[in-house]
Amino acid sequence: MTTQTDFQPFMEALAVAQSSDEVFKALHRLIDQQAGARLFTVMRVDMDAMLASRSYTSDPENYPGSGTKPVEMNRWFDIVHGKQQSFVANTLADIATVFPDHELIGSLGCGSVINLPVILGGKLVATINMLDVEHHYTPERVARVEQELLLPCVAAILFDDAQR
């Protein structure tokens, strides 16, 4: 990447935040500015229970903050949990192969996704989920998310852990 990511607004928000919601909102703003995220969610993952729970959502009407879903053993699981790599899909058809809510995703104008795993202590503890229009997540945007925005994502999850 030829541009420098400006972390200052996120760092300032992190320094004064009183809640995880404030930190996740700041993280959403940062990611939206740097890579785009029409829909943004944070899912905490309990691999022992095979359950993911939504800690933050930019669309509480369609994706309530209290929502949960089972962790499915599919291609997404192999990539995100098994390989501990980002899952990227750039068409709604590709999203439909792993997410049963693909019709809702499409109705919101989204057709591409990055699910960035947050790994702590060798375990998947969360995914940071960015969705936007089809073909939005170019290799350059994916690289920016993985190389430049992972550390703020980890900071947000650690803040959330401290609030629990």
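Structure first, text after, so check above.
All residue numbers here refer to positions counted from 1 along the written sequence of the relevant chain. It should be noted that, the model being predicted, local features are given only for residues of pLDDT at least 70 and side-chain atom pairs only at 80 or more, the latter also being counted only at that level, while totals for whole chains, interfaces and linings use all residues. Side-chain numbers here rest on the full set of heavy atoms in the structure, without hydrogens or water.

Some points on the overall build of the protein chain
Here is step 1: For the protein chain, the count of helices and strands is seven helices and six strands.
Here is step 2: A run of H or I in DSSP counts as a helix once it spans at least four residues, and a run of E counts as a strand once it spans at least two, with each numbered from the N terminus. Its helices and strands in sequence order give the protein chain the pattern α-α-β-β-β-α-β-α-α-β-β-α-α, from N to C terminus.
Here is step 3: A compact globule built from 164 residues should have a C-alpha radius of gyration of about 15 Å, and the protein chain, at 15 Å, falls within 12% of that.
Here is step 4: Taken along its principal axes, the extent of the C-alpha atoms in the protein chain is 40 × 40 × 30 Å.
Here is step 5: The cut-offs for exposure are 20% and 50% of the maximum accessible area for each residue type, with area from a 1.4 Å probe on protein chains only; residues under the lower value are buried, those over the upper are exposed, and the others partly exposed. Taken over 164 residues, the protein chain has a buried fraction of 48%.
Here is step 6: Accessible area for the protein chain stands at about 8,200 Å²; split by element, carbon and sulfur atoms hold 52% of it. Here the radius of gyration uses the C-alpha set of atoms, whereas the globule reference equals 2.2 Å times the residue count to the power 0.38. Here the open area of atoms and residues is found with the Shrake-Rupley method and a 1.4 Å probe, where only the protein chains shown may cover a residue.

Some points on the pairing of strand S1 (residues 39-46)
Here is step 1: Taking burial as the measure, the eight residues of S1 include seven buried ones, the bulk of the element.
Here is step 2: Sheet analysis places S1 next to strand S6 (residues 123-132), joined by six bridges and oriented antiparallel. By the bridge assignment for S6, Val 42 is matched with Ile 128.
Here is step 3: Sheet topology places S1 next to strand S2 (residues 51-57); six bridges connect them, and they run antiparallel. Bridged to Asp 46 within S2 is Leu 51.
Here is step 4: DSSP-based pairing: two strands are paired if at least 2 bridges between them are found. Counting the residues in the hairpin turn of S1 and S2 gives four residues, including Met 50, whose phi is positive at 55°.

Side note on the packing of helix H2 (residues 20-34) against helix H7 (residues 150-163)
Here is step 1: Where H2 contacts H7, the two axes come as close as 9 Å, and the packing angle between them is 170°. Relative to H7, the element H2 lies roughly antiparallel. Note on element contacts: H7 touches H2 through Pro 152, Cys 153, Ala 156, Ile 157, Phe 159, Asp 160 and Gln 163, opposite Ser 20, Val 23, Phe 24, Leu 27, Leu 30 and Ile 31.
Here is step 2: Residue composition of the contact of H2 with H7, by class: 10 nonpolar, two polar and one charged. Here an angle of 0 to 180 degrees is reported between the N-to-C directions of two axes, which are lines fitted to C-alpha atoms, with helices fitted over the stretch in contact. Our angle categories are set so that under 35 degrees counts as roughly parallel, over 145 as roughly antiparallel, 65 to 115 as roughly perpendicular, and the remainder as oblique. Whether two residues are in contact is decided by their heavy atoms, any of which lying within 4.5 Å being enough. When residue character is reported, Ala, Val, Leu, Ile, Met, Phe, Trp, Tyr, Cys and Pro are called nonpolar, Asp, Glu, Lys and Arg charged, and the others, Gly included, polar.

So, the packing of helix H1 (residues 8-16) against H2
Here is step 1: Where H1 contacts H2, the two axes come as close as 9 Å, and the packing angle between them is 180°. In terms of axis orientation, H1 runs roughly antiparallel to H2. Every residue of H2 that contacts H1 at Phe 10, Ala 13, Leu 14 and Val 16 is listed here: Glu 22, Val 23, Ala 26, Leu 27, Arg 29 and Leu 30.
Here is step 2: Along the lines of polarity and charge, the residues of the contact of H1 with H2 split into eight nonpolar, no polar and two charged.

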